[in-house]
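One letter stands for each residue in the lines below.
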Amino acid sequence: MEQGQRWLTGGEIDGFLFDIYGVLYEMRGTEDVLIEGSVDAIRKLREAGVTFRFCTNTSTRSAEDMAVRLQGLGFDARPEELFTPIPLTLRYLKENNLRPFLIVDSGVRRVFDEFSKSDPNCVILGDAQNQYSYANLNHAFQILMNDQDSKLVTLGSGSYYKEVDGLKLDCGTFSAALEFASGIKAKVIGKPDQDFFLVPLEDMKIKPDKAIMVGDDIILDIQGGQSCGIRSVLVRTGKYRPQDETHPSIKPDGCVDNLLSLVNLFLKHKT
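Residues numbered from 1 in each chain as written. Predicted model: local features only at pLDDT ≥ 70, side-chain atom pairs only at ≥ 80, totals over all residues. Heavy atoms only, no water.

Q: Tell me what's going on with the overall build of the chain, and back it up with residues and numbers.
A: Of the regular secondary structure elements, the chain holds 9 helices and 14 strands. Here the C-alpha atoms of the chain give a radius of gyration of 19 Å, agreeing with the 18 Å that 2.2 N^0.38 yields for 271 residues. Its C-alpha atoms give the chain principal-axis dimensions of about 60 × 40 × 40 Å. Of all 271 residues assigned to the chain, the portion counted as buried reaches 52%. Entry remark: accessible area of the chain is about 12,400 Å², with carbon and sulfur atoms responsible for 49%. Distance from the positive charge centre (31 side chains) to the negative charge centre (39 side chains) of the chain: 2 Å. (Helix = DSSP H or I, 4+ residues; strand = E, 2+ residues; numbered from the N terminus. Rg over C-alpha atoms; globule rule 2.2 N^0.38 Å. Buried < 20%, exposed > 50% of the residue type's maximum accessible area, 1.4 Å probe, protein only. Areas by Shrake-Rupley, 256 points an atom, 1.4 Å probe, with all protein chains shown as cover. Lys, Arg positive; Asp, Glu negative; His and termini not counted. Charge placed at Lys NZ, Arg CZ, Asp CG, Glu CD.)

Structure representation (structure tokens):
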């Protein structure tokens, strides 16, 4: 067994939460690249009857589109098991009668069609590499400054993510800039917000102390999961860096080479 796997010995395990990007697959340009063993890992859990959900900040696709993408890569993934920030964002907009200015990927703009975009009183930031122009960010800033009751919403608060060709700025970086400039604190919908972990646990009817969060981000996945009382395991794939294992304040409940390593450890321990 790999050293320091206290997630295995910390009590009963009834289910898992899995990050997707950096745990199941990565990207090389526009091409999806499987992480070794990830398809087999999900298959083994299915065969063993283990409950799990996918919990991702990815906001370029709906849960249905994401399931299709994962199925195309060979995963047995189902839309009802996928939790993304989009549905919670739509609910937040409805509940607060908001008219959004969107900086989001073109692939998900259609899900916001029901909302008026005239005289916006809200700024939505999501995964949108090509949309973070000076013009768009300055317009967002003007909206926030023109009405101090306007809302700034970010779909996750990651500072960066990793593609095969290197690190990329995430929407949390742009959100922090708008917070600084406008003085308006962003509402985070997605990791590390606690609700984003607790909603899929409620869906599985599992208590936090009986669940395991698995991810490649020391802050969003590990610290975020632990803040809810979930044992959280860091995979050495995706955006993982060796110094994450010795972070001065965040201590993972375990570190494994990849998802398949974790699943094999769990199934061996279970028997």
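Q: So what about the sheet that holds strand 11 (residues 187–188)? Which residues, and what values?
A: Strand order in the open sheet made by the 4 strands is 6-7-8-11, with parallel pairing throughout. Of all the strands in the sheet, just strand 6 (100–103) and strand 11 have a single pairing partner and so form its edges. Across the sheet, helix 4 (residues 85–95) lies against strand 6, strand 7 (122–125), strand 8 (151–154) and strand 11, angled at about 180 degrees from strand 7, the strand it touches most. Strand contacts of helix 6 (residues 171–182): strand 7 and strand 8, with the helix running at about 160 degrees to strand 8, the strand carrying the most contacts. (Pairing = 2+ DSSP bridges. Contact = heavy atoms within 4.5 Å. Axes fitted to C-alpha atoms, helices over the stretch in contact; angles between N-to-C directions.)

Q: If you had to explain the pairing of strand 9 (residues 160–163) to someone new, which residues and values would you point to?
A: The side-chain alternation of strand 9 yields one buried face, formed by Tyr161 and Glu163, and one unburied face, formed by Tyr160 and Lys162. Note that strand 9 and strand 10 (residues 166–169) share 4 bridges and pair antiparallel. Note that in strand 10 the partner of Tyr160 across the bridge is Leu169.

Q: Provide a residue-level description of the sheet that holds strand 5 (residues 82–83), including the pertinent values.
A: Strand pairs in the sheet, formed through backbone hydrogen bonds, run parallel or antiparallel to each other. Spatial strand order, 5-4-1-12-13-14: 6 strands in an open sheet with parallel pairing. A strand with exactly one partner marks an edge of an open sheet, and here the two such strands are strand 5 and strand 14 (254–256). As defined by bridge partners, strand 1 (residues 15–18) adjoins strand 12 (residues 211–215) across 4 bridges and the pair is classed as parallel. Residue pairing across strands places Leu17 opposite Met213, the latter belonging to strand 12. Across the sheet, helix 2 (residues 38–48) touches strand 1 and strand 4 (51–55), and the angle it forms with strand 4 is around 145 degrees.

Q: Could you give an account of the environment of Ser118, naming the residues involved and the relevant values?
A: Along the chain, the position of Ser118 falls in the loop between strand 6 and strand 7. The sequence separation of Ser118 and Arg99 amounts to 19 residues, and the corresponding C-alpha distance is 7.0 Å. Engagement of the side chain of Ser118 in a polar contact is seen with the side chain of Ser116, the distance being 3.0 Å. (Polar contact = N/O pair within 3.5 Å; in protein donor to acceptor, adjacent residues only side chain to side chain.)

Q: Residue-level account of the environment of Lys207, with values.
A: Here Lys207 shows up in the loop between helix 7 (194–204) and strand 12. Given the relative accessible area of 59%, Lys207 is considered exposed. Residues Lys207 and Asp14 lie 193 residues apart in sequence; the distance between their C-alpha atoms is 8.5 Å.

Q: With reference to specific residues and values, describe unusual backbone geometry.
A: Across the chain, the bulk of peptide bonds are trans and the bulk of non-glycine residues have phi less than zero. Following Lys191, the chain continues into Pro192 via a peptide bond in cis, with omega recorded as 10 degrees. Among the structural elements, Pro192 can be located in the loop between strand 11 and helix 7. At Asp119, a residue that is not glycine, the phi angle is positive and equals roughly 45 degrees. Positionally, Asp119 belongs in the loop between strand 6 and strand 7. You can call Asp119 exposed: its relative accessible area is 60%.

Q: Go over helix 2, please, and point to the residues and values.
A: All buried positions along helix 2 are accounted for by Ser38, Ala41, Ile42 and Leu45. Each buried residue of helix 2 lies within a common arc of 95 degrees when the element is viewed along its axis, so the set occupies one face. Buried-residue contacts for helix 2 involve strand 1, strand 3 (31–34), strand 4 and helix 9 (259–270). Immediately beyond the C-terminal end of helix 2, within one or two residues, lies Gly49, with a positive phi of roughly 75 degrees. (Arc of directions from axis to C-beta.)

Note that all results are geometric; they support no functional claim without further evidence.
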